[in-house]
Amino acid sequence: MSGSNDIIHQAVRLRIMASLNTLTGDAIEFTKLKSLVDATDGNLGSHLDALERAGYVAIEKRFAGKKPQTRIKATPSGRRAFAEHVAYLREILDQAGPAA
Amino acid sequence: MAIDQENAASSLNDVARMEKRTLELVRYSYASGYQLLWGILVAIGYVAQYLRPESGIFIWAIVIVSGVLGGVVFRIGRARSTGRPADYRWVWGQLAVVAFGMLWTGVFTDATPRQLSALWPSFFMFWMVIFGIFFGRFYVMLGLIVTALTTIVYLWSGDLFLPCMAVIVGGALIASGLYLRRIGLTQ
């Protein structure tokens, strides 16, 4: 059995990675991700920092016209780590066996 | 960190919920283009029918063919942008609804143009509600609101029925398309 990924397993970070992993192509805007995972600006920012430091997400800052825009996408290693962590969670449930 | 079974189950539920919600927003983004297209076409159709009532069948044939062809163009564009093969089930679904509606339009020879102009959008909105039950409550609300407004306009708008339908059905589709474009996610 593979181990738990403590960086991803935190509740907000797990939701962030689940959402980013579902988006197979383009990046997602910070404001849309914020409403999707139900977090505040500061909360989301700190969790994204942690994920970026781990190399799980790439954060791009750019201008859309005159408005600054932050876009986030999962990196290949982030997708891999997320898939492994989800597999680990499933293994825990599988070990429990069918409910009596 | 040790994760017990309860925590693992709760986390997997969270993941499934996020995946579902994300896909819902991706679907909204794709649907926005269809809704804008159909909204514009339908509004033009009702106004054109109001101005040229004798050409109603011809006008709506153009509207329907344009809408379905537009759907094919959207599918091809989406396939190119995602690199995946085009999925034409949505187009087949539209054609099935159109064929069903045309069958009963042909059978109901006693129906007036006004009755048919109320029946068609109600029929489309019925399928919108069914679609929404599976893919997002936004469509349920849209279908119910447009059907309710169509009924009200049919009963009480008098001679301004067709312009009112242009505003209600066309306007609702355009407004909802713009809203979905704002909240949706591209993939």
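Note that the structure is a prediction, hence the values are computed from the model and not measured.

Q: If you had to explain the overall build of chain A to someone new, which residues and values would you point to?
A: Broken down by element type, chain A carries 5 helices and 3 strands. Tracing chain A from N to C terminus, the helices and strands come up as α-α-β-α-α-β-β-α. Considered along the principal axes of its C-alpha atoms, chain A spans approximately 60 × 25 × 20 Å. In chain A, which comprises 100 residues, the share counted as buried stands at 33%.

Q: Summarise helix α2 (residues 11-22) of chain A; cite the residues concerned and give the values.
A: For α2(A), spanning 12 residues, the distance from its first C-alpha to its last is 17 Å, which sits close to the expected 16 Å at 1.5 Å a residue. Turning to α2(A), its buried residues are A:Arg13, A:Leu14, A:Arg15, A:Ile16, A:Met17, A:Ala18, A:Ser19, A:Leu20, A:Asn21 and A:Thr22.

Q: Account for the confidence of the model for chain B, with residues named and values stated.
A: Residues and elements named next belong to chain B. In the predicted model, chain B carries a mean pLDDT of 88, and the fraction of residues at 70 or more is 98%. At the low end of the mean pLDDT range in chain B sits helix α3 (residues 89-107), at 84; at the high end sits helix α5 (residues 137-156), at 93. Across the predicted assembly, pTM comes out at 0.77 and ipTM at 0.88.

Q: Mind laying out the interface of chain A and chain B, listing which residues take part and the relevant values?
A: Listed per partner, the contact involves 22 residues of chain A and 18 residues of chain B. Partitioned by chemical class, the residues of the side of chain A that touches chain B number 11 nonpolar, 6 polar and 5 charged.

So, how was this worked out
- Residues numbered from 1 in each chain as written.
- Chains lettered and ligands numbered in written order.
- Predicted model: local features only at pLDDT ≥ 70, side-chain atom pairs only at ≥ 80, totals over all residues.
- Helix = DSSP H or I, 4+ residues; strand = E, 2+ residues; numbered from the N terminus.
- Buried ≥ 20, exposed ≤ 12 C-beta atoms within 10 Å, placed from the backbone.
- Expected span 1.5 Å × (residues − 1).
- pLDDT = per-residue confidence, 0-100.
- Contact = placed C-beta atoms within 7 Å.
- Nonpolar A, V, L, I, M, F, W, Y, C, P; charged D, E, K, R; others polar.

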